[in-house]
Amino acid sequence: MQVIKYILFICFFGFLIATDYSNSHSHEHLHENLHIDGSSISLLWIIPFVGILFSIAIIPLINSRFWHKNYGKISGFWGLTFILSFLFYFGLEPLKFYLLEVYLKEFLPFIVILIALFTVSGGVLISGNMKGTPFLNTFILLIGTVLASWMGTTGASMLLIRPLIKSNKERKNKVHIFVFFIFLVSNIGGALTPLGDPPLFLGFLKGIDFFWTTTNLFLPMISVSIPLLIIFFIFDMYLYKKENLNFNNSNINLKIDGKYNLILIVFIILSVVVSGVWRSDPSNKLNWFIEYGGECMMTYGTFFQVSSLLIISLISLKITPEYIRSENDFTWEPVKEVFKLFATIFITMVPAISMLKAGSEGPLAPIVNLLTDSNGNNINIMYFWVTGGLSSFLDNAPTYLVFFNTAGGDPVFLMNEGSRTLLAISAGAVFMGAMSYIGNAPNFMVKSIAEENKINMPSFFGFMLWSIIFLVPVLLFYSLIFF
């Protein structure tokens, strides 16, 4: 598989650089110098990041055929533009530092868990005579919303997207089904545990109790998901009646093949939990597997996660009969698209994250200053909207971490006296990942799988319009009530 070759190359390249640096340099005086100072760099550094976003948004509208043939080259252009500019301005050592930090520490675990869940869920065939009635579609969205907190938004999305596509094969008006699927299953449903969404998992690693999110985000999640489910049901019923359909689901003959892949999903979840606990103290050098510039680039916990998930993926490929993947219309194209586009997104957003980390001293100070009043008190509703708004376009995990630290970074305080602020940050990062295709990884996966099955999904801006019409009013009502 081509993507696994890329992953092995990233690992090998990172190991070589780190080993070479360890053998020939003393890191002690370089630690501070390798980080770029977000307070002293120009906003021009976000041009490559904005470039890849606008490429994703605009080029498919102009010429979709050209985009699908050349998206890898376009993504590579913006990535290479950034890397060469960074090399020229900051030098080789900081570039090597950030390449390792981004691709070994952040991108590699991100893409490997996507591959594992995509591979294993693609080995589960849910078949039967289900027909896409409004009741059935709403039920599938409800089940996916519940599952997302316990098997991750990516796991729930990849498990249920294909049965949803098949059951609605005869529907003419069905784009809305997959838009709401992204809202609920790929994002909002992941709010109840650290397993649900990456930002909450980062909070868990920082010291937030595992069930803090369950108890504190339960009511917010219900307050947002139930109105969306009701809106979806009414809208779907309207379109269903407009098509003059009369599907009958009274005798559903449901069959699940590849059940052993469901066991592998459990092992994926366990692997993530074990690796997270293992790497929870990166300050302990005994946990470091690869380091550079005096910083941990990969812990043994992360190495365990990457290795175990790749092994689980290979096991799934080996033991799953070919007919299951054939019936699921399984191809690697969605993974390849996410890999090539997000590889550039991850590296080009480094300056934006650094600017945010600089707080009120950086070029994004006008945004950061919205978070507190004149007395220095947190404005929780602004934490919700600023964290969420930026999570719509930046990776929601590092965005969560930036505002977690902006709010003080003390887990004990944030779980108690600062609980409303932590709630605002958590809800913003999770809920508003649904605002755009790049807000959360499964969004793009669902889009890609749907388009492979001849479903004409909205464009980048088109999806945002759906979000503004249906999602934003619900979130606005929620924020006014809770904050």
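Analysis parameters
Residues numbered from 1 in each chain as written. Predicted model: local features only at pLDDT ≥ 70, side-chain atom pairs only at ≥ 80, totals over all residues. Heavy atoms only, no water. Axes fitted to C-alpha atoms, helices over the stretch in contact; angles between N-to-C directions. Helix = DSSP H or I, 4+ residues; strand = E, 2+ residues; numbered from the N terminus. Parallel < 35°, antiparallel > 145°, perpendicular 65-115°, else oblique. Contact = heavy atoms within 4.5 Å. Nonpolar A, V, L, I, M, F, W, Y, C, P; charged D, E, K, R; others polar. Buried < 20%, exposed > 50% of the residue type's maximum accessible area, 1.4 Å probe, protein only. Phe/Tyr/Trp six-rings, centres within 6.5 Å; stacked < 30°, edge-to-face > 60°. Lys NZ or Arg CZ within 6 Å of the ring centre and 35° of its normal. Salt bridge = Lys/Arg side-chain N within 4 Å of Asp/Glu carboxyl O. Polar contact = N/O pair within 3.5 Å; in protein donor to acceptor, adjacent residues only side chain to side chain. Core = buried A, V, L, I, M, F, W, Y, C linked by side-chain atoms within 4.5 Å. Expected span 1.5 Å × (residues − 1). Bend = angle between axes of the 7 residues up to and from the residue. pLDDT = per-residue confidence, 0-100. Pairing = 2+ DSSP bridges.

K.L.:
Break down the packing of helix α6 (residues 175-184) against helix α8 (residues 212-242) for me, citing the residues and quoting the values.
P.N.:
Packing of α6 against α8 leaves a shortest axis separation of 11 Å and a crossing angle of 175°. What the angle tells us is that α6 and α8 run roughly antiparallel. Packed against α6, whose contacting residues are His-176, Ile-177, Phe-180 and Leu-184, the element α8 presents Ser-225, Leu-228, Leu-229, Ile-231, Phe-232, Phe-235, Asp-236 and Leu-239 at the interface. Residues of the contact of α6 with α8, tallied by class, amount to nine nonpolar, two polar and one charged.

K.L.:
Account for unusual backbone geometry, naming residues and giving values.
P.N.:
In this structure, Asp-329 is a non-glycine residue whose phi angle is positive, near 55°. Along the polypeptide, Asp-329 turns up in the loop between α11 (322-327) and α12 (333-348). The phi dihedral of Lys-454 is positive, around 65°, even though this residue is not glycine. Within the secondary structure layout, Lys-454 lies in the loop between α19 (441-452) and α20 (460-482). Overall, the relative accessible area of 75% leaves Lys-454 in the exposed class.

K.L.:
Quick rundown of the packing of aromatic side chains? Include the residues and the values.
P.N.:
Each aromatic ring pair is described using two quantities: the centre-to-centre distance and the angle formed by the ring planes. Per the stated rule, a full pass over the model turns up 39 aromatic pairs. Where Phe-77 meets Trp-78, the ring centres are 5.0 Å apart and the plane angle is 70°; that geometry is what we call edge-to-face. For Phe-77, a relative accessible area of 49% corresponds to the partly exposed category. Residues Phe-86 and Tyr-98 carry aromatic rings whose centres are separated by 5.7 Å and whose planes lie at 75° to one another, so their mutual orientation is edge-to-face. Placement of the pair is Phe-86 in helix α3 (residues 64-90) and Tyr-98 in helix α4 (residues 92-121), with a sequence separation of twelve residues. You'll find Phe-86 and Tyr-98 in the same group, each marked buried. Taking the ring centre of Phe-444 as reference, the NZ or CZ of Lys-447 above it sits at 5.4 Å.

K.L.:
Tell me about the pattern of salt bridges, and please be specific about residues and values.
P.N.:
Counting across every chain of the model gives seven salt bridges. Two residues, Glu-451 and Lys-447, come together in a salt bridge whose shortest N-O distance is 3.1 Å. One end of the pair, Glu-451, and the other, Lys-447, are both in helix α19, four residues apart, so they sit about a helical turn from each other. Taken together, the shared-partner salt bridges connect Arg-171, Asp-236 and Glu-243 into one network.

K.L.:
So, the side chain of Thr-193: which residues are in play, and what are the values?
P.N.:
For Thr-193, the location among the structural elements is in the loop between α6 and α7 (198-205). Only 2.3 Å separates the side chain of Thr-193 from the backbone oxygen of Ser-149, close enough to count as a polar contact. The contact partners of Thr-193, leaving out residues within four places of it in the chain, are Ser-149, Trp-150, Leu-200, Phe-210, Thr-213 and Thr-214.

K.L.:
Any chance you could break down the nonpolar core for me, citing the residues and the numbers?
P.N.:
By size, the foremost hydrophobic cluster in this structure holds 144 residues, and its most contacted members are Ile-56, Phe-107, Phe-110, Ile-111, Phe-183, Phe-342 and Phe-431. For this core, the element with the most residues is α4, which contributes 19 residues.

K.L.:
Could you give an account of the environment of Leu-370, with specific residues and numbers?
P.N.:
Relative to the helices and strands, Leu-370 resides in the loop between α14 (365-368) and α15 (380-391). Given a relative accessible area of 40%, Leu-370 falls into the partly exposed group. In sequence terms Leu-370 and Ile-177 are 193 residues apart; their C-alpha atoms lie 36 Å from each other.

K.L.:
Describe helix α13 (residues 350-357), listing the residues and the values that go with them.
P.N.:
Most of α13 sits out of view: seven of its eight residues are buried. In this fold, the buried residues of α13 make contact with α3, α4, α12, α14, α15 and α16 (396-406). Just beyond α13, the residue with positive phi is Gly-359, at close to 60°.

K.L.:
Run through helix α5 (residues 134-167), naming residues and quoting values.
P.N.:
Between the first and last C-alpha of α5 there are merely 11 Å, a value that for 34 residues lags more than 12% behind the 50 Å anticipated at 1.5 Å per step. Of all bends in α5, the biggest is about 125°, found at Met-151.

K.L.:
Outline the confidence of the model for the protein, supporting the account with residue identities and numerical values.
P.N.:
Predicted coordinates in areas of low pLDDT are best not read in detail. Scored by pLDDT, the protein comes out at a mean of 83, with 90% of its residues at no less than 70. Per-element confidence in the protein is highest for α6, whose mean pLDDT is 95, and lowest for helix α1 (residues 2-24), whose mean pLDDT is 53. Across residues 21-31 the pLDDT falls below 50, and counting only partners more than four positions away or on other chains, this stretch makes 15 contacts in the model.

K.L.:
Describe the pairing of strand β4 (residues 295-299), naming the residues involved and giving the relevant values.
P.N.:
The buried count for β4 comes to five of five residues, which makes it a mostly enclosed element. Where strand β3 (residues 288-292) and β4 come together, four bridges link them in antiparallel fashion. Note on β4: the bridge partner recorded for Trp-288 is Thr-299.

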